[in-house]
Amino acid sequence: MTLVNSFSPGFHGRERRLTDKLPPGQYPTESFPVLSAGPTPKIPVDTWQFTVTTELGERRSWTWDQMMELPQQETVRDIHCVTRWSKFDTRWRGVPLDAFLEDVETAADYAVVSSYGGYTTNLPLEDLLDGQAWIVHTYDGYPLSPEHGGPARLLVPHLYFWKSAKWVNGLRLTHEDEPGFWESVGYHNYGDPWREQRNWGD
Ligand SMILES: Nc1nc2c(c(=O)[nH]1)N[C@H]1C(S)=C(S)[C@@H](COP(=O)(O)O)O[C@H]1N2
Ligand SMILES: [Mo]
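What counts and what doesn't
Residues numbered from 1 in each chain as written. Chains lettered and ligands numbered in written order. Predicted model: local features only at pLDDT ≥ 70, side-chain atom pairs only at ≥ 80, totals over all residues. Heavy atoms only, no water. Core = buried A, V, L, I, M, F, W, Y, C linked by side-chain atoms within 4.5 Å. Buried < 20%, exposed > 50% of the residue type's maximum accessible area, 1.4 Å probe, protein only. Helix = DSSP H or I, 4+ residues; strand = E, 2+ residues; numbered from the N terminus. Pairing = 2+ DSSP bridges. 1 Å grid on protein atoms, 1.4 Å probe; cavity = no way out; pocket = protein on both sides within 12 Å on 5 of 7 lines; lining within 4 Å. Points joined across faces, edges and corners; volume = space filled by probe spheres on them. Nonpolar A, V, L, I, M, F, W, Y, C, P; charged D, E, K, R; others polar. Phe/Tyr/Trp six-rings, centres within 6.5 Å; stacked < 30°, edge-to-face > 60°. Axes fitted to C-alpha atoms, helices over the stretch in contact; angles between N-to-C directions. Salt bridge = Lys/Arg side-chain N within 4 Å of Asp/Glu carboxyl O.

Some details on the nonpolar core
Argument step 1. One finds Phe50, Leu97, Phe100, Leu128, Ile135, Leu154 and Leu171 to be the most contacted residues of the largest nonpolar core, which totals 35 residues.
Argument step 2. Taken together, the elements giving at least two residues each to this core come down to strand E2 (49–53), helix H3 (64–69), helix H4 (97–101), strand E6 (110–115) and strand E11 (168–174).
Argument step 3. It is H4 that provides the largest number of residues to this core, a total of four residues.
Argument step 4. Grouped together as the second largest cluster of nonpolar side chains are 11 residues, Phe32, Trp134, Leu155 and Phe161 included.

Encoded structure:
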(Lines give C-alpha, C1' and ligand atoms only; values in the text may rest on other atoms or scores of the structure.)
(Ligands and ions follow the chains in the order given, each with its own letter.)
Protein backbone atom coordinates (compact mmCIF):
# COMPACT_ATOMS: atom_id res chain seq x y z
CA MET A 1 0.00 0.00 0.00
CA THR A 2 2.67 2.46 0.99
CA LEU A 3 4.54 1.65 -2.19
CA VAL A 4 1.48 2.27 -4.32
CA ASN A 5 0.83 5.56 -2.56
CA SER A 6 4.38 6.78 -2.96
CA PHE A 7 4.21 6.10 -6.72
CA SER A 8 0.86 7.88 -6.96
CA PRO A 9 1.42 11.55 -6.18
CA GLY A 10 -2.15 12.51 -7.12
CA PHE A 11 -3.70 10.19 -4.58
CA HIS A 12 -1.13 11.08 -1.95
CA GLY A 13 -1.85 14.77 -2.56
CA ARG A 14 -5.59 14.30 -2.09
CA GLU A 15 -5.12 12.37 1.16
CA ARG A 16 -2.85 15.02 2.50
CA ARG A 17 -5.26 17.80 1.58
CA LEU A 18 -8.15 16.05 3.35
CA THR A 19 -6.28 15.61 6.64
CA ASP A 20 -5.09 19.21 6.51
CA LYS A 21 -8.60 20.52 5.94
CA LEU A 22 -10.72 18.17 8.07
CA PRO A 23 -10.76 18.77 11.84
CA PRO A 24 -10.85 15.70 14.13
CA GLY A 25 -14.19 13.87 14.32
CA GLN A 26 -15.63 15.59 11.23
CA TYR A 27 -16.69 14.21 7.82
CA PRO A 28 -16.84 16.20 4.58
CA THR A 29 -20.17 16.84 2.87
CA GLU A 30 -21.15 18.37 -0.44
CA SER A 31 -24.66 19.24 0.69
CA PHE A 32 -25.50 22.27 2.81
CA PRO A 33 -27.58 21.05 5.78
CA VAL A 34 -29.96 23.49 7.50
CA LEU A 35 -29.75 23.60 11.30
CA SER A 36 -32.08 26.00 13.07
CA ALA A 37 -33.27 25.90 16.67
CA GLY A 38 -36.59 27.54 15.78
CA PRO A 39 -38.69 28.84 12.90
CA THR A 40 -37.09 30.80 10.07
CA PRO A 41 -37.83 34.51 10.48
CA LYS A 42 -38.56 36.48 7.33
CA ILE A 43 -36.73 39.82 7.50
CA PRO A 44 -37.25 42.27 4.61
CA VAL A 45 -34.06 44.19 3.87
CA ASP A 46 -35.86 47.51 4.26
CA THR A 47 -36.45 46.78 7.95
CA TRP A 48 -33.13 44.97 8.60
CA GLN A 49 -30.74 46.67 10.98
CA PHE A 50 -27.45 45.76 12.58
CA THR A 51 -26.78 47.40 15.95
CA VAL A 52 -23.56 47.48 17.95
CA THR A 53 -24.09 48.25 21.66
CA THR A 54 -21.04 49.05 23.76
CA GLU A 55 -20.46 48.08 27.39
CA LEU A 56 -21.53 51.67 28.28
CA GLY A 57 -24.82 51.29 26.42
CA GLU A 58 -23.86 53.43 23.43
CA ARG A 59 -25.50 52.21 20.24
CA ARG A 60 -24.63 52.47 16.59
CA SER A 61 -26.90 51.05 13.91
CA TRP A 62 -26.57 50.34 10.19
CA THR A 63 -29.47 49.94 7.80
CA TRP A 64 -29.21 47.50 4.90
CA ASP A 65 -28.19 50.28 2.49
CA GLN A 66 -25.59 51.61 4.93
CA MET A 67 -24.17 48.11 5.38
CA MET A 68 -23.96 47.71 1.60
CA GLU A 69 -21.94 50.94 1.38
CA LEU A 70 -19.24 49.52 3.66
CA PRO A 71 -16.27 47.78 2.01
CA GLN A 72 -17.36 44.36 0.72
CA GLN A 73 -15.16 41.28 0.68
CA GLU A 74 -15.44 37.88 -0.92
CA THR A 75 -14.12 34.96 1.13
CA VAL A 76 -13.88 31.22 0.46
CA ARG A 77 -13.83 29.16 3.66
CA ASP A 78 -14.31 25.71 5.14
CA ILE A 79 -17.14 25.50 7.69
CA HIS A 80 -17.44 22.94 10.49
CA CYS A 81 -20.67 22.07 12.30
CA VAL A 82 -20.54 20.49 15.75
CA THR A 83 -22.92 17.78 14.44
CA ARG A 84 -19.78 16.62 12.54
CA TRP A 85 -20.30 17.77 8.97
CA SER A 86 -17.71 19.99 7.35
CA LYS A 87 -18.19 21.76 4.04
CA PHE A 88 -15.13 22.89 2.14
CA ASP A 89 -14.60 26.03 0.07
CA THR A 90 -17.90 27.80 0.75
CA ARG A 91 -17.96 31.17 -1.01
CA TRP A 92 -19.44 34.21 0.73
CA ARG A 93 -19.65 37.94 0.23
CA GLY A 94 -20.13 40.48 2.97
CA VAL A 95 -18.61 43.04 5.29
CA PRO A 96 -15.79 42.25 7.71
CA LEU A 97 -16.72 43.01 11.32
CA ASP A 98 -13.69 45.33 11.41
CA ALA A 99 -15.67 47.80 9.29
CA PHE A 100 -18.50 47.97 11.86
CA LEU A 101 -16.22 48.14 14.87
CA GLU A 102 -13.45 50.48 13.72
CA ASP A 103 -15.17 53.66 14.98
CA VAL A 104 -16.67 52.05 18.07
CA GLU A 105 -14.90 52.94 21.28
CA THR A 106 -14.75 50.00 23.65
CA ALA A 107 -12.63 48.41 26.34
CA ALA A 108 -14.70 45.21 26.28
CA ASP A 109 -13.14 41.78 25.75
CA TYR A 110 -16.26 39.84 24.73
CA ALA A 111 -19.24 40.07 22.42
CA VAL A 112 -22.71 38.55 22.50
CA VAL A 113 -24.05 38.33 18.96
CA SER A 114 -27.84 38.40 18.60
CA SER A 115 -30.35 37.44 15.93
CA TYR A 116 -33.89 38.15 14.86
CA GLY A 117 -35.81 35.37 16.61
CA GLY A 118 -33.78 35.58 19.82
CA TYR A 119 -30.74 33.35 19.15
CA THR A 120 -27.51 34.50 20.79
CA THR A 121 -23.90 33.33 20.78
CA ASN A 122 -20.85 34.63 22.61
CA LEU A 123 -17.23 34.94 21.62
CA PRO A 124 -14.11 36.91 22.47
CA LEU A 125 -14.14 40.25 20.66
CA GLU A 126 -10.70 39.52 19.18
CA ASP A 127 -12.18 36.54 17.29
CA LEU A 128 -14.41 38.96 15.38
CA LEU A 129 -11.55 41.27 14.32
CA ASP A 130 -8.60 41.23 11.91
CA GLY A 131 -10.49 39.75 8.99
CA GLN A 132 -11.70 36.67 10.87
CA ALA A 133 -15.47 37.33 10.77
CA TRP A 134 -18.01 38.85 8.39
CA ILE A 135 -21.64 39.85 8.14
CA VAL A 136 -22.43 37.96 4.93
CA HIS A 137 -25.41 38.49 2.62
CA THR A 138 -24.36 36.47 -0.43
CA TYR A 139 -23.63 32.75 -0.69
CA ASP A 140 -22.09 31.25 -3.82
CA GLY A 141 -23.09 34.28 -5.85
CA TYR A 142 -26.73 34.43 -4.76
CA PRO A 143 -28.55 36.33 -2.01
CA LEU A 144 -28.32 34.26 1.18
CA SER A 145 -31.50 32.18 1.52
CA PRO A 146 -33.70 32.60 4.62
CA GLU A 147 -32.99 29.01 5.77
CA HIS A 148 -29.26 29.75 5.85
CA GLY A 149 -29.72 33.03 7.69
CA GLY A 150 -30.68 35.51 4.99
CA PRO A 151 -30.83 38.36 4.51
CA ALA A 152 -27.59 38.38 6.54
CA ARG A 153 -25.73 36.18 8.97
CA LEU A 154 -22.49 36.18 10.88
CA LEU A 155 -19.67 34.07 9.44
CA VAL A 156 -16.90 33.02 11.84
CA PRO A 157 -15.38 30.09 9.98
CA HIS A 158 -12.55 29.35 12.43
CA LEU A 159 -15.07 28.34 15.13
CA TYR A 160 -17.82 25.68 15.02
CA PHE A 161 -20.69 26.90 12.86
CA TRP A 162 -23.12 27.49 15.76
CA LYS A 163 -21.11 30.71 16.37
CA SER A 164 -22.15 31.93 12.92
CA ALA A 165 -25.50 33.43 13.97
CA LYS A 166 -28.15 33.41 11.25
CA TRP A 167 -30.53 36.42 10.82
CA VAL A 168 -28.00 38.48 12.72
CA ASN A 169 -29.17 41.85 14.01
CA GLY A 170 -26.49 43.04 16.34
CA LEU A 171 -23.83 42.50 18.93
CA ARG A 172 -23.37 43.66 22.48
CA LEU A 173 -19.87 44.29 23.85
CA THR A 174 -19.32 43.05 27.41
CA HIS A 175 -16.56 42.97 30.02
CA GLU A 176 -17.68 39.57 31.31
CA ASP A 177 -18.15 36.57 29.04
CA GLU A 178 -21.89 35.76 28.85
CA PRO A 179 -22.85 32.32 27.47
CA GLY A 180 -25.24 32.43 24.51
CA PHE A 181 -28.06 30.08 23.49
CA TRP A 182 -26.12 26.84 22.92
CA GLU A 183 -23.25 27.74 25.24
CA SER A 184 -25.63 27.96 28.20
CA VAL A 185 -26.98 24.43 27.60
CA GLY A 186 -23.66 22.62 27.38
CA TYR A 187 -21.90 23.51 24.15
CA HIS A 188 -18.29 24.58 24.58
CA ASN A 189 -17.82 28.24 25.38
CA TYR A 190 -15.22 28.82 22.63
CA GLY A 191 -15.77 26.04 20.06
CA ASP A 192 -12.46 25.55 18.24
CA PRO A 193 -13.03 22.65 15.78
CA TRP A 194 -9.28 21.87 15.59
CA ARG A 195 -9.20 21.28 19.37
CA GLU A 196 -12.58 19.49 19.18
CA GLN A 197 -14.18 21.85 21.69
CA ARG A 198 -17.72 20.52 21.31
CA ASN A 199 -19.01 20.49 24.89
CA TRP A 200 -18.13 22.15 28.20
CA GLY A 201 -15.07 20.33 29.52
CA ASP A 202 -13.66 19.34 26.09
N1 LIG B 1 -30.19 32.52 14.61
C2 LIG B 1 -29.67 31.28 14.56
N3 LIG B 1 -28.42 31.13 14.11
C4 LIG B 1 -27.87 29.88 14.06
C5 LIG B 1 -28.60 28.76 14.49
C6 LIG B 1 -29.91 28.95 14.96
O7 LIG B 1 -30.61 28.00 15.35
N8 LIG B 1 -30.43 30.23 14.97
N9 LIG B 1 -28.01 27.51 14.44
C10 LIG B 1 -26.54 27.48 14.46
C11 LIG B 1 -26.02 26.16 14.18
S12 LIG B 1 -26.05 25.02 15.42
C13 LIG B 1 -25.43 25.87 12.98
S14 LIG B 1 -24.63 24.41 12.70
C15 LIG B 1 -25.51 26.83 11.85
C16 LIG B 1 -26.23 26.16 10.72
O17 LIG B 1 -26.24 27.00 9.61
P18 LIG B 1 -26.96 26.48 8.30
O19 LIG B 1 -28.37 26.15 8.66
O20 LIG B 1 -26.80 27.57 7.31
O21 LIG B 1 -26.20 25.24 7.89
O22 LIG B 1 -26.17 28.02 12.17
C23 LIG B 1 -25.97 28.49 13.47
N24 LIG B 1 -26.61 29.78 13.58
MO1 LIG C 1 -24.65 23.23 14.67
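Picking up where we left off.
Focus: the pairing of strand E5 (residues 85–96)
Argument step 1. One ladder, built from two bridges, connects strand E1 (residues 27–28) with E5; its direction is parallel. Bridged to proline 28 within E5 is serine 86.
Argument step 2. Relative to E5, strand E4 (residues 73–80) is paired through seven bridges, and the arrangement is antiparallel. Bridged to glutamate 74 within E5 is arginine 93.
Argument step 3. Between E4 and E5, which pair antiparallel one after the other, the connecting turn spans four residues, and arginine 84 there sits at a positive phi close to 95°.
Argument step 4. Bridge count for E5 against strand E8 (residues 134–139) is five bridges, and the pairing is antiparallel. What sits directly across from proline 96, in E8, is tryptophan 134.

Concerning the pairing of E11
Argument step 1. The element E11 is extensively covered by neighbouring structure, given that five of its seven residues are classed as buried.
Argument step 2. Bridging between E2 and E11 involves three bridges; their strand directions are parallel. When the sheet's bridge partners are listed, threonine 53 is paired in E11 with arginine 172.
Argument step 3. In terms of strand pairing, E6 meets E11 through six bridges, oriented antiparallel. Within E11, the residue paired with valine 113 across the bridge is leucine 171.

Observations concerning the layout of surface pockets
Argument step 1. A volume near 470 Å³ is recorded for the largest pocket.
Argument step 2. Together, 28 residues line the largest pocket, and Leu35, Ser36, Ala37, Tyr119 and Lys166 are the ones closest to its centre.
Argument step 3. The class makeup of the residues in the lining of the largest pocket is 19 nonpolar, seven polar and two charged.

Let's talk about the packing of aromatic side chains
Ring pairs (aromatic) are described by centroid distance and by the angle formed between their planes.
Argument step 1. A complete count under the given rule lists 15 aromatic pairs for this structure.
Argument step 2. A ring pair is formed by phenylalanine 32 and tryptophan 92, whose centres lie 6.3 Å apart and whose planes are at 90°; its orientation type is edge-to-face. In this pair, phenylalanine 32 sits in the loop between E1 and E2 while tryptophan 92 sits in strand E5, placing the two residues 60 residues apart along the sequence.
Argument step 3. Overall, phenylalanine 32 belongs to the buried group, its relative accessible area being 16%.
Argument step 4. Take tryptophan 92: its relative accessible area is 1%, and that puts it in the buried class.
Argument step 5. One aromatic cluster is present, formed by Tyr119, Tyr160, Trp162, Phe181, Trp182 and Tyr187 through successive ring pairs.

Topic: the sheet that holds strand E3 (residues 59–63)
Argument step 1. Ordered by their spatial adjacency, five strands build an open sheet running E3-E2-E11-E6-E7, and the pairing between neighbours is mixed. Each having just a single partner strand, E3 and strand E7 (120–124) make up the two edges of the open sheet. Neighbour-to-neighbour, the strand axes of this sheet turn through a mean angle of 15°, independent of strand direction.

Looking at the pattern of salt bridges
Argument step 1. Scanning all chains against the criterion turns up nine salt bridges.
Argument step 2. Glutamate 178 is the salt-bridge partner of arginine 172, the closest N and O atoms lying 2.9 Å from each other.
Argument step 3. Given the relative accessible area of 32%, glutamate 178 is considered partly exposed.
Argument step 4. A salt bridge links arginine 195 to aspartate 192; its shortest N-O distance comes to 3.0 Å.
Argument step 5. Note on arginine 195: relative accessible area 54%, which makes it exposed.
Argument step 6. If you follow the salt bridges from partner to partner, you end up with Lys21, Asp78 and Asp89 in one network.

Honestly, that's just the spatial picture; any functional story needs more than this.
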